[in-house]
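Observations on the three-dimensional arrangement
The lines below spell out each chain.
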Amino acid sequence: MGEKLKAATENLSKTQNEMSQIVELNQQKRETIEKVTARVQKEINSNNSKINKLNSDYKEIADKYSSQVSDIVGAANAAIYGEGKTSGTSSGPTAEFNALPFDERMALFDVIQRKVDIDTPQMKQLGKRMTKIQSNIKELQSLNYEKSAEITKTINENKTDWSSYYEISGQLRTAQISKINIDNEIKQQAAKNLLETIRQA
């Protein structure tokens, strides 16, 4: 019976150690996920702030660009339909416009219809700045996507091992019950022996 108890005790101790290792490993995995998520989320938030600032800069530049386009198109409309007028707010081209050579009249219509490049050197600079900002925004968005993928990868690599946890939990319950049964057998045997001793006395 002593050997049986010793084996049961050793098995229980071994199983408890395995359970402790699994619990500790799962805790480490959770901590790794939390640590990586916190770091990456901080970087994503920082990138989002940069994106917001770039979007604000882009809008400001785009407004300047649009204002200059409006000025140029407005001047062409004024030359065709009169000051402050357009095709929709006038009865048609002015006599002064109709008196212009054909090529000049077509050139003004081309400006209104944006068939020709009306960008001034300053507008071209604004356009380059907008393109650069758009490129920077795309880079940051791509970086955020990669960062999000890093969180997903970390979660996948550090999944809680529930399978081993439940398996060892079952073994631990079995080992505990086995030791309790042996302890009870020993107590019953001791009580029986004591009773025998009393009877013999």
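Scroll up for the structure.
What you are looking at is a predicted structure, and each value in this text was computed from that prediction instead of being measured. (Residues numbered from 1 in each chain as written. Predicted model: local features only at pLDDT ≥ 70, side-chain atom pairs only at ≥ 80, totals over all residues. Heavy atoms only, no water.)

1. Looking at the nonpolar core
Going by this rule: In this text, buried Ala, Val, Leu, Ile, Met, Phe, Trp, Tyr and Cys residues form a nonpolar core when linked through side-chain atoms within 4.5 Å. Each residue is placed in one exposure class: buried if its accessible area under a 1.4 Å probe, protein chains only, is under 20% of its type's maximum, exposed if it is over 50%, and partly exposed if it falls in between. Each helix is a run of DSSP H or I of at least 4 residues and each strand a run of E of at least 2, with the numbering of both proceeding from the N terminus. Residue contacts follow a heavy-atom distance rule, with two residues in contact if any of their heavy atoms lie within 4.5 Å.
Among the nonpolar cores identified, the biggest contains 20 residues, and Y65 and V69 are the most heavily contacted of them. Among the secondary structure elements, those contributing two or more residues to this core are helix 1 (2-81), helix 3 (102-112) and helix 4 (121-157). It is helix 1 that contributes the most residues to this core, ten residues altogether. Setting aside anything within four residues of it in sequence, one finds V69 in contact with R114, I118 and M123.

2. Focus on the packing of aromatic side chains
The relative placement of two aromatic rings is captured by the distance of their centres and the angle of their planes. Rules: Whether two aromatic rings pair depends on their centres lying within 6.5 Å, for rings of Phe, Tyr and Trp, where Trp uses its six-membered ring; planes under 30 degrees apart make the pair stacked, over 60 edge-to-face, and the rest tilted.
Inspection of every chain in the model, using the stated rule, returns one aromatic pair. On the numbers, 5.4 Å between centres and 85° between planes, the contact of F97 with F109 is edge-to-face. Remark: F109 occurs in helix 3 and F97 occurs in helix 2 (residues 95-98); sequence separation between them is twelve residues. Overall, the relative accessible area of 2% leaves F97 in the buried class. The exposure class assigned to F109 is partly exposed, which follows from its relative accessible area of 23%.

3. Thoughts on helix 5 (residues 162-200)
The condition that has to hold: By this rule the span expected of a helix is its residue count minus one, scaled by 1.5 Å.
Its 39 residues place the ends of helix 5 56 Å apart at the C-alpha level, agreeing with the 57 Å of an ideal helix rising 1.5 Å per residue. The set of residues buried in helix 5 consists of I168, S169, L172, A175 and I182.

4. As for the side chain of T94
Summarising the element assignment, T94 is placed in the loop between helix 1 and helix 2. By relative accessible area, T94 is classed as buried at 19%. Not counting the four nearest positions on each side in its chain, T94 is found in contact with A79, I80, Y81 and G82.

5. Here we look at the side chain of N77
Relative to the helices and strands, N77 resides in helix 1. A relative accessible area of 10% places N77 in the buried class. Non-local contacts of N77, meaning those with residues more than four positions away in its chain, are made with G82, K85, T86 and I112.

6. Re the environment of E167
In this fold, E167 is placed in helix 5. The class for E167 is partly exposed, based on a relative accessible area of 48%. C-alpha separation for the pair E167 and M19, spaced 148 residues apart in sequence, amounts to 9.5 Å.

7. Looking at unusual backbone geometry
One non-glycine residue, R114, lies in positive phi territory at about 55°. By the element assignment, R114 lies in the loop between helix 3 and helix 4. With relative accessibility at 42%, the residue R114 sits in the partly exposed group.

8. Quick look at the environment of D117
Spelled out, the test is: N or O atoms closer than or at 3.5 Å make up a polar contact, with two conditions inside protein: a donor-capable atom paired with an acceptor-capable one, and, for residues adjacent in sequence, both atoms drawn from side chains.
Summarising the element assignment, D117 is placed in the loop between helix 3 and helix 4. Here the side chain of D117 touches D119 through a polar contact of 3.0 Å, landing on its backbone nitrogen.

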